[in-house]
Amino acid sequence: MGGMTGDAGGAYVCVCMRLVAASLAATAAAVYLVRRRRRRWSVVAFYLLHEADVDELPLLEAAAASLSPGVTLSWDTEMSRAPPEATVFVARLPSAEALDSLKRLRAVIVPFAGPTVTTRLLLRARPHLSLHNAHFNAQSTSELAVGLLLAAAKGVLARDARLRAESLRGDQPWTAGWAVGGTSAPPPTLGGRTALVLGYGAVGGRVAKALQGLGMHVLACRRSAARPHFDGVATVHPSADLDALLRRAFVLVVCLPGTADTEALVGARQLALLPVGALLVNVGRGSVVEEAPLYAALRDGQLGGAGLDVWYNYPMLKGQGLGNEGCGPSSVGCPFHELPNVVMSPHCGQLSDSKARDRVAELVGMLEEGARCGEIPNRYDVERGY
């Protein structure tokens, strides 16, 4: 078959270019219409305040006065005062009645990191609603994680208790650190050792940066990682590499949420893979690390120490849908409070002097982005649990 003449070939190229241009123009027009349609969404948010959130009131008043056109925010402690036209509902523990009473509702924001199982079940039964969480506490939680690690590594509590006891005697000189011998082992140096961060999100990413600043070689495990890669802070591995990573980790920091996939992710077998004397910190959820094996590893010396801010039993928390009446943080057979190598913290990673300011600022930012882009950030997958 003969080739095209010069004129015919040129004409063919011109026709192709016009078709491509028309296709691109049509695609751009479609994208524009979709974006325009999304931007027309009017964000009418109602925040059902919990009694513990009263410190947010002046911040909410100031924020509401400066919202962009197309965004409104109201709040109250009574659900009956919610505007019927609300499209966004903000609540710690939304009820089925509240969700069903707002006929125009499109999105639910739980103003902390971990929506309860009850909330997830409610949203799963209402697939027309999207669920979103907040990460305002990532900085304070990551700071606590590092604090727990250093306290456990350096034996801060035991040395503090000894010096206080010696101070009470008054009739003998206190014992300086360099003079302590016998059974008191020197604390480990963290610089130059390897740390593994499980849960490389808002909290885990900050923890990794801090550990890198201490001179540690940082590894991270993330389910979405296709293959190992260095991101400038940590070498990020897929979850399939967990066993191999545990063998290398002198420090294990757990920042994972509590889900069906993460429950008992770290048990007796995984703890045994860690080097003898390794340190463990958990600021994620207690359910990620099996209770009895963790207690045994700390009691028997497989682990050198631990810093724990999350637990296995919780008191009943009014309005938050979790907890048990009259219980300690751990089971009767696992008295962590008797172990001198454990630093205990009462689930306070979210506490800080900027908590109210940070929460309101993130909430306002989420609402503004929802109005501007048509999608509220921090979408929470009710099936995966994060």
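Read on for a plain summary of the structure. (Residues numbered from 1 in each chain as written. Predicted model: local features only at pLDDT ≥ 70, side-chain atom pairs only at ≥ 80, totals over all residues. Heavy atoms only, no water.)

**Looking at the side chain of Glu291**
Relative to the helices and strands, Glu291 resides in helix 10 (residues 291-300). No salt bridge forms around the buried Glu291; measuring N to O, its nearest opposite-charge neighbour Arg299 is 12 Å away. (Helix = DSSP H or I, 4+ residues; strand = E, 2+ residues; numbered from the N terminus. Buried < 20%, exposed > 50% of the residue type's maximum accessible area, 1.4 Å probe, protein only. Lys, Arg positive; Asp, Glu negative; His and termini not counted. Salt bridge = Lys/Arg side-chain N within 4 Å of Asp/Glu carboxyl O.)

**Considerations on unusual backbone geometry**
Although it is not a glycine, His347 sits at a positive phi angle of roughly 50 degrees. Phi at Asn378 is positive, roughly 60 degrees, even though this residue is not glycine. Within the secondary structure, Asn378 is located in the segment after helix 11 (355-373).

**A short note on the environment of Ala220**
Its location among the elements puts Ala220 in strand 7 (residues 217-221). With a relative accessible area of 0%, Ala220 lands in the buried category. Along the chain, Ala220 and Leu245 lie 25 residues apart, while their C-alpha atoms are 8.6 Å from each other. When residues no more than four places from it in sequence are discounted, the contact partners of Ala220 are Leu196, Val197, Tyr200, Ala234, Thr235, Val236, His237 and Leu245. (Contact = heavy atoms within 4.5 Å.)

**Examining the sheet that holds strand 13 (residues 342-344)**
The strand order across the open sheet formed by eight strands is 8-9-7-6-10-11-12-13, and the pairing between neighbours is mixed. Here the strands that pair on one side only, and so sit at the sheet edges, are strand 8 (229-230) and strand 13. The pairing of strand 8 with strand 9 (residues 235-237) spans two bridges and is antiparallel. Within the sheet, the bridge partner assigned to Phe230 lies in strand 9 and is Thr235. On top of the sheet, helix 5 (residues 138-154) reaches strand 10 (251-254), strand 11 (278-282), strand 12 (303-308) and strand 13; it is set at about 150 degrees to strand 11, its chief contact. (Pairing = 2+ DSSP bridges. Axes fitted to C-alpha atoms, helices over the stretch in contact; angles between N-to-C directions.)

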